[in-house]
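Residue-level structure breakdown
Single-letter residue listing:
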Amino acid sequence: RLAGNRSSTSPIRHDEKDLAKVIEDCDVALVLLLNEKARATSLLWESKGAGDGVPSAELKSEELLRVSQANQKVQGPLSDTMVSSIFQEISRMCSLLRHTVAYLGPPATFTHQASRSRFGINANYVQCERINDVFTAVEKGVADFGVAPIENSTEGAISQTLDLLATCDLEVVGEVCLDIRHSLLSHGP
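Residues numbered from 1 in each chain as written. Predicted model: local features only at pLDDT ≥ 70, side-chain atom pairs only at ≥ 80, totals over all residues. Heavy atoms only, no water.

**A word on the overall build of the protein**
Within the protein one finds 6 helices and 5 strands. Its helices and strands taken in sequence order, the protein reads α-α-α-β-α-β-α-β-β-β-α from the N to the C terminus. Taken over 189 residues, the protein has a buried fraction of 29%. When the accessible surface of the protein is split by element, carbon and sulfur atoms take 55% of a total near 13,500 Å². (Helix = DSSP H or I, 4+ residues; strand = E, 2+ residues; numbered from the N terminus. Buried < 20%, exposed > 50% of the residue type's maximum accessible area, 1.4 Å probe, protein only. Areas by Shrake-Rupley, 256 points an atom, 1.4 Å probe, with all protein chains shown as cover.)

Encoded structure:
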């Protein structure tokens, strides 16, 4: 497949020009395959329709197993963890090509982190100052999905979110549970 007739199992000469050509051929092949996967993913979600809720950015256990088994067959220099991480990000990018997500707070807040864990780094994000603004963005079509806190370990249920869910025409299509961890840093004397 690589460099014309050369297959991926053929020995590669180790001079700079040949290695550069192999890298270039791999880049082109990866771009073609990534776009093919993105088109297939998009078509799959369109065929499933809105009744299936929001597509998850997370790979299912059977998908991770398939990727791990393929990696073990190849016996390349990448570990299963590395390959799984790459495929996880590809999944995030492919599954949400068309989605805009409204979330509460500025970037790096817990709601933003929850949004990114569900929708991946390549979704289009709209930050909102208030929980009400998240709901309004979705109702007005500014965003396809909204992420708002519903419960936290400090204050319990977030009543404003629950009240809005009870009074609007939007429905819950997914849930993200996020472990909240705080780390404090200090500079000693």
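Now that the structure is up, let's keep going.
**Quick word on the pattern of salt bridges**
Under the defined criterion, the tally for this structure stands at 2 salt bridges. The shortest N-O distance in the salt bridge between Lys21 and Asp25 comes to 3.0 Å. Highlighted residues: Lys21 and Asp25, both in helix 1 (residues 16-48), separated by 4 residues, approximately one helical turn. We classify Lys21 as partly exposed; its relative accessible area is 38%. Take Asp25: its relative accessible area is 14%, and that puts it in the buried class. As a salt-bridge pair, Asp133 and Arg130 come within 2.8 Å of each other at their nearest N and O atoms. Residue classification places Asp133 among the partly exposed residues on the basis of a relative accessible area of 21%. (Salt bridge = Lys/Arg side-chain N within 4 Å of Asp/Glu carboxyl O.)

**What to know about a nonpolar patch on the surface**
Side chains of Leu78, Met82, Ile86 and Phe87 sit close together on the surface and give an oily, nonpolar patch of about 330 Å² of accessible area. Tracing the sequence through the fold places Leu78 in the loop between helix 2 (61-74) and helix 3 (80-95). (Patch = residues over 30% accessible without salt bridge, like charges linked within 9 Å, V, L, I, M, F, W, Y side chains within 5 Å.)

**Section: the nonpolar core**
Core analysis: the largest hydrophobic core is formed by 12 residues, namely Ala102, Leu104, Cys128, Ile131, Val134, Phe135, Ala137, Val138, Ala143, Ile158, Leu164 and Cys168. Elements with a contribution of two residues or more to this core: strand 1 (100-104) and helix 5 (131-139). Element by element, the count of residues in this core is highest for helix 5, at 5 residues. Val101, Ala123, Phe145 and Val147 belong to the second largest nonpolar core, which has 8 residues in total. (Core = buried A, V, L, I, M, F, W, Y, C linked by side-chain atoms within 4.5 Å.)

Function-wise, these values are silent; they only describe arrangement.
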